[in-house]
Amino acid sequence: MDDIEKRLLIHEHVIRIPGMRRHVLCQFGDTHITTWDGLSTPEEKKRAEKGSANWIETRKMFADLHGEPCGPYQMRDHMEILDDLFTVAGKADMVAMVGDMMDAVTPADLRAMEKRLEMLEVPYVIACGNHEKKGTVPEGLRFSIVNRKVQTAEDDELRMICLDNADRSVSGDQLSVLRDSFKDHKKTVVVFHVPFVTEGNREEMEKAGEYFWFNYPGCPVENLELLKIIRENRNDIAMVLAGHLHFMNDSKIVDGVMQYVSSQGITGYMNRFVIGEG
Ligand SMILES: [Fe+2]
Ligand SMILES: [Fe+2]
């Protein structure tokens, strides 16, 4: 393990898929960047400094609440942690960013993210988080893919399909695209921001509150339809990835498919998967 990996909280997973060559996929999200640079106005700088100071408290609050590490490495400058996450992710074969990458989508946040995405030379998706909805992401940037209701990134053997469910809903159109994508039976990683309550995580999710649930009581029928599509296509799904919780949670979403929720990237949390024959 090199120095960068020691500073992060990397959780390793193996998804065995016979007949598929080894793929490494990194998942991280909830980095909540709130930064400023030389182009920021004094007002923007002041707001970013206040925002990142708030997140020092908030990340600690989440970590303490869920018994996750919160030592000196996790309390570092959040942009330094972001750089470490991108360095490790850059060595993978694919990257899934699970949303809330930015706290309030400022021009400086967009510039900072763009610089890092420019260096990322592997296929990636970026789920839209509820915090990305707090601002407007202009078109024409690499980060602008968060504006798409469905994103796909793939190589010859493995596909990531990413749905915007940030406002705790999905549309019939999004579900049609997802359903159609399974027609060729390519192994697929399904990615979104807000996770499902499952049998295995119900207790933790009840403690966290309905704000964090995608299949909350009284949710639109499409939310439950998404679960049905996952169940029907379980043989083609390698795993389901989400964020939003600010604590890590692995649970079975349907028979044969796990939902991996990564904890807060702002403390350096990352899931790293080896998928394939190992
Ligand atoms: Fe978040
Ligand atoms: Fe969120």
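This report concerns the structure included in the present document. This is a predicted model, so every value here is computed, not measured. (Residues numbered from 1 in each chain as written. Chains lettered and ligands numbered in written order. Predicted model: local features only at pLDDT ≥ 70, side-chain atom pairs only at ≥ 80, totals over all residues. Heavy atoms only, no water.)

So, on to the coordination of the iron ion (ligand 2). Taken together, the protein ligands of the iron ion (ligand 2) are Asp100 (OD), Asn130 (OD1), His193 (NE2) and His244 (ND1), with distances of 2.1 to 2.2 Å. Around the iron ion (ligand 2) sit four donor atoms; with metal-centred angles ranging over 86 to 160 degrees, the donor geometry is irregular. The sequence pattern formed by the donor residues of the iron ion (ligand 2) is D-x29-N-x62-H-x50-H. Here the iron ion (ligand 1) and the iron ion (ligand 2) are spaced 3.6 Å from one another, each receiving a donor from aspartate 100. Taken as a pair, aspartate 100 in the loop between strand 3 (94–97) and helix 4 (107–119) and histidine 244 in the loop between strand 8 (237–242) and strand 9 (249–254) lie far apart in primary sequence, 144 residues in all. Neither aspartate 100 nor histidine 244 differs from the other in exposure class; each is buried. (Donors = N, O, S within 2.8 Å, 3.2 Å for Na, K, Ca; no water. Tetrahedral: all angles 85-135°; square planar, octahedral: opposite > 155°, others 65-115°. Helix = DSSP H or I, 4+ residues; strand = E, 2+ residues; numbered from the N terminus. Buried < 20%, exposed > 50% of the residue type's maximum accessible area, 1.4 Å probe, protein only.)

Counted under the stated rule, the structure contains 24 salt bridges. Aspartate 3 serves as the salt-bridge partner of lysine 6, at 3.5 Å between the closest nitrogen and oxygen. Of the two residues, lysine 6 and aspartate 3 both sit in helix 1 (residues 3–7), three residues apart, roughly one turn of that helix. Assessed through its relative accessible area of 46%, lysine 6 is described here as partly exposed. Of the charged contacts in the structure, one is a salt bridge between arginine 76 and aspartate 84, with a shortest N-O distance of 2.8 Å. Using a relative accessible area of 5% as the deciding quantity, one classes aspartate 84 as buried. Salt bridges sharing common partners tie together Arg7, Arg76, Glu80 and Asp84. (Salt bridge = Lys/Arg side-chain N within 4 Å of Asp/Glu carboxyl O.)

The subject of this paragraph is the coordination of the iron ion (ligand 1). The protein atoms donating to the iron ion (ligand 1) are Asp30 (OD), His32 (NE2), Asp100 (OD) and His246 (NE2), with metal-donor distances spanning 2.0 to 2.3 Å. The site at the iron ion (ligand 1) holds four donor atoms, and with the angles between them running 89 to 172 degrees, its shape is irregular. All donors of the iron ion (ligand 1) belong to a single chain; written as a sequence motif, their spacing is D-x1-H-x67-D-x145-H.

Taken N-terminus to C-terminus, the directions of helix 3 (residues 78–89) and helix 4 make an angle of 20 degrees; their axes are 10 Å apart at the nearest point. Relative to helix 4, the element helix 3 is oriented roughly parallel. Considering only the axes of helix 3 and helix 4, their crossing is right-handed. Along its contact with helix 3, which presents Met79, Leu82, Asp83 and Phe86, the element helix 4 presents Ala112, Met113, Arg116 and Leu117. (Axes fitted to C-alpha atoms, helices over the stretch in contact; angles between N-to-C directions. Parallel < 35°, antiparallel > 145°, perpendicular 65-115°, else oblique. Left-handed = near helix turned anticlockwise from the far one by under 90°. Contact = heavy atoms within 4.5 Å.)

Interhelical geometry of helix 5 (residues 172–181) versus helix 7 (residues 221–232) gives an angle of 5 degrees and a closest axis separation of 10 Å. What the angle tells us is that helix 5 and helix 7 run roughly parallel. On helix 7, the residues that touch Gly172, Leu175, Leu178 and Arg179 of helix 5 are Glu222, Glu225, Leu226 and Ile229.

A few words on the packing of aromatic side chains. Evaluated as defined, the whole model comprises six aromatic pairs. With centroids separated by 5.2 Å and ring planes inclined at 85 degrees, the aromatic side chains of phenylalanine 196 and phenylalanine 214 adopt a geometry described as edge-to-face. Residue phenylalanine 196 is found in the loop between strand 7 (187–191) and helix 6 (202–208), and its partner phenylalanine 214 is found in the loop between helix 6 and helix 7; the two are separated by 18 residues along the sequence. With respect to burial, phenylalanine 196 and phenylalanine 214 carry one shared label: buried. Seen in terms of ring centroids, tyrosine 260 and phenylalanine 273 are 4.8 Å apart; in terms of plane orientation they differ by 70 degrees. Their pairing is edge-to-face. Taken as a pair, tyrosine 260 in strand 10 (residues 257–261) and phenylalanine 273 in strand 11 (residues 269–276) lie far apart in primary sequence, 13 residues in all. In this structure, tyrosine 260 and phenylalanine 273 share a single accessibility class: buried. Residue placement shows lysine 45 over the ring face of tryptophan 36; its charged tip is 4.4 Å from the ring centre. (Phe/Tyr/Trp six-rings, centres within 6.5 Å; stacked < 30°, edge-to-face > 60°. Lys NZ or Arg CZ within 6 Å of the ring centre and 35° of its normal.)

By themselves, these are just geometric observations and shouldn't be taken as functional.
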